[in-house]
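This is what each chain is made of:
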Amino acid sequence: MPSYDRLGELLDPATTVLLTVECQQGVVGLDSALPELAEEARSSGALANVARLVAAAHEGGVQVIHAIAERRPDGRGASRNARLFRAAERLPVQQLSGTTAVRPAAPIEVAEEDFVVRRLHGLSPLQGTEVDALLRNLGCRTLIVTGVSANVAIPNAVFDAVNRGYTVVVPTDAIAGVPSDYTPAMIRHTLALVATVATTDEVLACVSRRRRTVRR
């Protein structure tokens, strides 16, 4: 884990953005297309921790971006070049544009100042979406990556962000994947090599300290 001072330096609200990845009702909600992943996100506390981080970001002036994966009812523009995409087409719950499945899941609250970025293709919330341009226009230097899954979308987001020059912070208890023992292995052997890893409480403490400092 990073030192408190080092983490605090990274989490300047003026240059930090919080990204939630696929924290939508059809993925981590009660009526998920992926019930095992949804159960893990909820039972592990990861979804609740994402909600805590979003609430703190709203209060502390940290920009929030919600990355949503969806598809058109006719499937046009969707990727089909991997087993994952073809399997998704057969799931009982579809992430269709305009449906409740692609709305951010409770207990996450979306504020008026948040961005909600939707993608119709691919595995990454950054590649081929508006996210990178938004980050640059916002003056982002540090990206906090949260959500699901530790199997696919989270490492994609981390690698893409690092490749684009951002410093990435991953709250280890605010991401989830399946099976349950896969997430800590992914963090230890992969994400920790390219990102700063910390707990939700450590991130919240730094954001809170920054907020108190600014108010003085």
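Residue numbering note: each chain is counted from 1, following its sequence as written. In keeping with the model being predicted, local features are shown solely for residues with a pLDDT of at least 70 and side-chain atom pairs are shown and tallied solely at 80 or more, while totals for entire chains, interfaces and linings include all residues. Excluded from the side-chain calculation are hydrogens and water; included are all heavy atoms of the structure.

1. Comments concerning the pattern of salt bridges
Here comes step 1: The working definition used for a salt bridge is a side-chain nitrogen of Lys or Arg within 4 Å of a carboxyl oxygen of Asp or Glu. For the structure shown, the criterion picks out eight salt bridges.
Here comes step 2: Residue E70 is joined to R118 by a salt bridge in which the shortest nitrogen-to-oxygen separation is 3.1 Å. Placement of E70 in the loop between β2 (63-69) and α5 (83-88) and of R118 in strand β3 (residues 115-119) is noted, with a sequence separation of 48 residues between them.
Here comes step 3: Judged by relative accessible area, which is 12%, E70 ranks as buried. Here a helix means four or more residues in a row that DSSP labels H or I, a strand means two or more in a row labelled E, and each is numbered from the N terminus. Whether a residue is buried, partly exposed or exposed follows from its accessible area with a 1.4 Å probe, protein chains only, as a fraction of its type maximum: under 20%, in between, or over 50%, in that order.

2. Focus: the nonpolar core
Here comes step 1: In this structure, L11, L18, V28, I108, V148, V169 and V203 are the most contacted members of the largest nonpolar core, which totals 31 residues.
Here comes step 2: Secondary-structure elements contributing two or more residues to this core are α1 (4-10), α2 (25-28), α3 (35-43), α4 (46-60), β4 (142-148) and α9 (200-215).
Here comes step 3: It is α4 that provides the largest number of residues to this core, a total of eight residues.
Here comes step 4: Setting aside residues up to four positions removed in sequence, V203 forms contacts with L7, L11, L53, I144, V169, P171 and A198.
Here comes step 5: Of all hydrophobic cores here, the second largest spans 28 residues; its members include A153, V158, I175 and V197. What makes a nonpolar core is a set of buried Ala, Val, Leu, Ile, Met, Phe, Trp, Tyr and Cys residues whose side-chain atoms join them at distances within 4.5 Å. Residue contacts follow a heavy-atom distance rule, with two residues in contact if any of their heavy atoms lie within 4.5 Å.

3. As for the side chain of S79
Here comes step 1: Relative to the helices and strands, S79 resides in the loop between β2 and α5.
Here comes step 2: The exposure class of S79 is buried, given its relative accessible area of 18%.
Here comes step 3: Polar contact is defined as a pair of N or O atoms within 3.5 Å, subject to the rule that within protein one atom must be able to donate a hydrogen and the other to accept it, and that residues adjacent in sequence are counted only when both atoms are side-chain atoms. Side-chain polar atoms of S79 contact the backbone nitrogen of G122, separated by 2.9 Å.

4. Regarding helix α7 (residues 153-163)
Here comes step 1: For α7, the complete set of buried residues consists of A153, I154, P155, A157, V158, D160 and A161.
Here comes step 2: Those residues of α7 that are buried are in contact with β1 (16-21), β4, β5 (167-171), β6 (175-176) and α8 (182-194).

5. Some remarks on the environment of E113
Here comes step 1: As for its position among the elements, E113 is in the loop between α5 and β3.
Here comes step 2: Sequence spacing of E113 and R83 is 30 residues, and the spatial spacing of their C-alpha atoms is 36 Å.
Here comes step 3: In this structure, E113 is in contact with H58 and Q63, ignoring residues within four places of it in sequence.

6. Focus: the state of the cysteines
Here comes step 1: Our working definition of a disulfide is a cysteine sulfur pair at a distance within 2.5 Å. With the rule as written, the count across this model stands at zero disulfides.
Here comes step 2: Summary of cysteine pairing: C23 is not part of a disulfide, and the nearest cysteine sulfur, belonging to C140, is at 17 Å.
Here comes step 3: In this structure C23 comes out as buried when scored by relative accessible area, which is 4%.
Here comes step 4: Free cysteine: C140, not disulfide-bonded; nearest cysteine sulfur from C206 at 16 Å.

7. Some remarks on the pairing of β4
Here comes step 1: β4 sits mainly inside the fold: seven of its seven residues count as buried.
Here comes step 2: The side-chain alternation of β4 yields two buried faces, one formed by T142, I144, T146 and V148 and the other by L143, V145 and G147.
Here comes step 3: With six bridges joining them, β1 and β4 adopt parallel strand pairing. Counterpart to V17 in the pairing with β4 is L143.
Here comes step 4: Of the strand pairs in this sheet, β4 and β5 are connected by three bridges, and their pairing is parallel. In the strand pairing of β5, L143 is matched with V168.
Here comes step 5: Of the crossover connections in this fold, the one passing from β4 over α7 to the parallel β5 is right-handed.
Here comes step 6: As defined by bridge partners, β4 adjoins β6 across two bridges and the pair is classed as parallel. Bridge pairing in β6 places G147 opposite I175. If DSSP finds at least two bridges between two strands, the strands pair. Think of it like this: strands point away, you trace from the first strand over the helix to the second, and a clockwise trace means the crossover is right-handed.

8. Considering a nonpolar patch on the surface
Here comes step 1: In this analysis, a patch consists of residues with relative accessible area above 30% that form no salt bridge, clustered at 9 Å for like charges and at 5 Å for the nonpolar side chains Val, Leu, Ile, Met, Phe, Trp and Tyr. The Shrake-Rupley method, run with a 1.4 Å probe sphere, supplies the accessible areas, and residue values consider only the shown protein chains as cover. A contiguous nonpolar surface patch, about 330 Å² in accessible area, is contributed by F159, V162, L193 and V194.
Here comes step 2: Counting residues per element, the ones that place at least two in the nonpolar patch are α7 and α8.
Here comes step 3: With respect to the helices, strands and loops of the structure, V194 is situated in helix α8.
Here comes step 4: By relative accessible area, V194 is classed as partly exposed at 35%.

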